[in-house]
Amino acid sequence: MKIAIFGAGIAGLSAAILLKRQGHSVKVYERSAEMNDRGNAFLMHDEGLDLLRNLGNQKVFERMGEPIQYFQMFSQKNEEVKAIRLMPWTCFKRDEVIRYLYDILGDESIVHGHEFESFHWNGQKIEKAIFTNGEMVEADLFVGADGLRSKVRKELFGSNQFSPIYTFELLGFVQDSKKYNQLKGMFKKFQHRSKSIAFGVLPASKGELITVLQFDPKIIQEAGILEENHKEIAEYLLADFPEYVKEVIALQTYEETYIWKTRDFDLLPQFHKANAVLIGDSAHVALPEISEDLPDLSEYDRVFQKFYTKRAEEVSQQILFGRRLKDQFLQPKRNPLELQRIPLVKRKNTKQPRPPKEKRVQITYFTDPICSTCWAIQPELRKLELEYGNQLEIEYRMGGLLPHWHNYNRHGITDPKQVALHWEEVEAKSGMPINGEIWKTDPLASSYPPSIAFKAAQLQSTDKAIIFLRKIREALFVAQRDIIDKGLLYRMALSSALDAAQIIKDIEGPATDNFFEDVALCEQLDIQFLPTLIMTNHLGESQRLIGENDYATFQKTINELNPNLKRMTYSKDIRDLFSRFPSMSLREYVYLSETPLEKAKQELDLMCQSGELTTWETGKVKLFLSTVKLEQGFV
């Protein structure tokens, strides 16, 4: 099939490569006289990364771009508002991506100096495309990838109404190795609380940063500053921003800065007409998705309608989300920074709907970050998760195990050294890795601070809070870390995909109230030992499991309360288990995989030798970690 693509941007070139691989005859027509690699930079998520990576030489691709792993937002007064771990975004300079795609496609497939003018129709079918230079090209399929101001779109659907221009973005690059090294992996944004001004900076390539100054153009108009005076604009708008921002803009040369005037248009009724289709910015689509064979003309409508159906809802949501962000930005006094959504954080609902009440059991789990028996039953709790899934509704409550050491006496333990002995006993009995040296050398003053931090995490996400609690326990039982330290809690919150800045704020606010509500509930329900699990069925009937119990007891209790629950099978493959639980002890792996001890050790050693796992060891205790998750910062 003969295919003509208009526009040698990222969308057009990518589509050409995909279609050429399918055996089609493809030409790309670009209006500029030579490669148009002008432009700033952009962020791309893993879905787009996979597509670009698979188009060409993967080794070349891996050398491109800068991974962006963290996002921090500050106010203009340098108050930290948000701190979030991102997964996985990469910042690319547009010119390096264009060159990468040109090299894959080959010069013979690209024709420069050809700007689309119109189509020549033969009945209901487009027969030819006509260029402004008078030349024409015949094709079976025409693809419009000529950008936001697409002439192909206008030819197919007429003039569309663009939104008014409400915001400007002053874009530029900064060359500075020191600032690059300080910022590596980080996207920092500074936003004014009462004015529509924001400044962002992130690494674009080695030794180079990209800067984005977003603002309401009314501000410079009222100040009498011309929009071509980029340096004056930056210095005026950022005059009361932190010193870090001023240091960055002082390095800006303004030789290649330009202003992007943000605008959009409503979702088109279709992305195609007859044998022509729009992709990329021409259609509001981020990347081409023409990936199936196009066998004959009679199939066009079906294929393109499927393409539209697949993309239309997502594109519509992106348009609405972008407009909401714009409205928030233009009304800063009505939209506190703390409540603003971050577009880099993907929110996908991956939860499966819960079964009806008569087919599930609720568990209220009273626990504490320093409770060694709670750590000892982790293998059993993880197996419950694998075998019963969302048939169990587990609510975590904090037990307030150690308020302080003054006049402390809980079940005969009155001083830290006794805790060390108790932990040794729990380790010997359970097989879970526990190092109690911290109670001899630098004992924790209280378990309240990490408990309150957990309650702060619950305010954001109950699922991520459980991941956070696991990390707190690993830091204590394995690494002997001070889990009261706010800096450590901040870092563990980041690696749990939580907003770490908000965690620290909520520790001083609602999380403390929620924690003491848990403690009061413990007293009300006469919870004397941790862990205590109260299991309740749909009829309100309850049973308690106190302390360490074997898995058979968990199963028996669940079955007595609700025999309608079904046990599920799960993969016991080592890779599948570490994909589900990125950190495991030897005891956990043996238990969940049902592998004999010596064989389990051999399998774990082989995974460590291959680089798929690594270990976290302090003294005699060891934890196995997935290196994939570790590299992504989620272990």
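For the structure, check the block above.
Residues numbered from 1 in each chain as written. Predicted model: local features only at pLDDT ≥ 70, side-chain atom pairs only at ≥ 80, totals over all residues. Heavy atoms only, no water.

A.B. asks: Which residues make up the pattern of salt bridges, and what are the values?
C.D. replies: Under the counting rule described, the total for this entry stands at 37 salt bridges. Two residues, Lys440 and Glu424, come together in a salt bridge whose shortest N-O distance is 3.8 Å. Residue Lys440 is located in helix 14 (residues 438–441), and its partner Glu424 is located in helix 13 (residues 416–430); the two are separated by 16 residues in the primary sequence. On the accessibility criterion, Glu424 (38% relative accessible area) is partly exposed. Here the residues in one salt-bridge network are Glu79, Arg193, Glu338 and Lys505, joined through shared partners. (Salt bridge = Lys/Arg side-chain N within 4 Å of Asp/Glu carboxyl O. Helix = DSSP H or I, 4+ residues; strand = E, 2+ residues; numbered from the N terminus. Buried < 20%, exposed > 50% of the residue type's maximum accessible area, 1.4 Å probe, protein only.)

A.B. asks: Can you tell me about the side chain of Lys82, naming the residues and giving the values?
C.D. replies: Within the secondary structure, Lys82 is located in strand 5 (residues 80–93). Separated by 3.0 Å, the side chain of Lys82 and the backbone oxygen of Glu338 make a polar contact. (Polar contact = N/O pair within 3.5 Å; in protein donor to acceptor, adjacent residues only side chain to side chain.)

A.B. asks: How would you sum up the pairing of strand 11 (residues 167–175)? Please name residues and give values.
C.D. replies: Where burial is concerned, most of strand 11 is hidden: 7 out of the 9 residues are buried. Here strand 11 runs beside strand 15 (residues 258–262); their pairing, made up of 5 bridges, is antiparallel. Each bridged residue has a counterpart across the sheet, and for Leu170 the counterpart in strand 15 is Ile259. Of the pairings in the sheet, the one linking strand 11 to strand 14 (residues 208–215) comprises 8 bridges and is antiparallel in character. From the neighbouring strand, Glu169 faces strand 14, where its bridge partner is Gln214. (Pairing = 2+ DSSP bridges.)

A.B. asks: So what's going on with helix 12 (residues 378–388)? Which residues, and what values?
C.D. replies: Counting buried positions over the 11 residues of helix 12 gives 10, a clear majority of the element. When we look at burial in helix 12, the residues that qualify are Gln378, Pro379, Glu380, Leu381, Arg382, Lys383, Leu384, Leu386, Glu387 and Tyr388.

A.B. asks: Hey, could you go over the environment of Ala445 for me, with residue numbers and the actual values?
C.D. replies: Here Ala445 shows up in the loop between helix 14 and helix 15 (448–460). For Ala445, a relative accessible area of 48% puts it in the partly exposed group. Note: C-alpha distance between Ala445 and His406 (39 residues apart in sequence) is 9.7 Å. Discounting chain neighbours no more than four positions away, the residues touching Ala445 are Leu402, Pro403, His404, Trp405 and Ile484. (Contact = heavy atoms within 4.5 Å.)

A.B. asks: Provide a residue-level description of the nonpolar core, including the pertinent values.
C.D. replies: The biggest cluster of nonpolar side chains holds 90 residues, and the ones touching the most others in it are Trp439 and Phe468. At 8 residues, helix 16 (residues 462–478) tops the list of elements feeding residues into this core. Core analysis: the second largest hydrophobic core is formed by 60 residues, Met44, Met64, Ile110 and Val277 among them. (Core = buried A, V, L, I, M, F, W, Y, C linked by side-chain atoms within 4.5 Å.)

A.B. asks: Please give an account of the sheet that holds strand 17 (residues 276–278) that cites residues and values.
C.D. replies: The strands that make up a sheet pair up through hydrogen bonds in the backbone, lying either parallel or antiparallel. Taken in spatial order, the 6 strands line up as 6-2-1-10-17-16 in an open sheet, and their pairing is mixed. Only two strands of the sheet have a single neighbouring strand rather than two, namely strand 6 (110–112) and strand 16 (272–273).

A.B. asks: Outline the packing of aromatic side chains, listing residues and values.
C.D. replies: The description of an aromatic ring pair uses the distance of the two centres, along with the angle that the planes make with each other. Under the counting rule described, the total for this entry stands at 30 aromatic pairs. A connected cluster of aromatic rings, assembled from ring pairs, spans Phe6, Tyr29, Phe116, Phe119, Phe131 and Phe142. Above the ring of Tyr591, the side-chain terminus of Lys383 is found at 5.1 Å from the ring centroid. (Phe/Tyr/Trp six-rings, centres within 6.5 Å; stacked < 30°, edge-to-face > 60°. Lys NZ or Arg CZ within 6 Å of the ring centre and 35° of its normal.)

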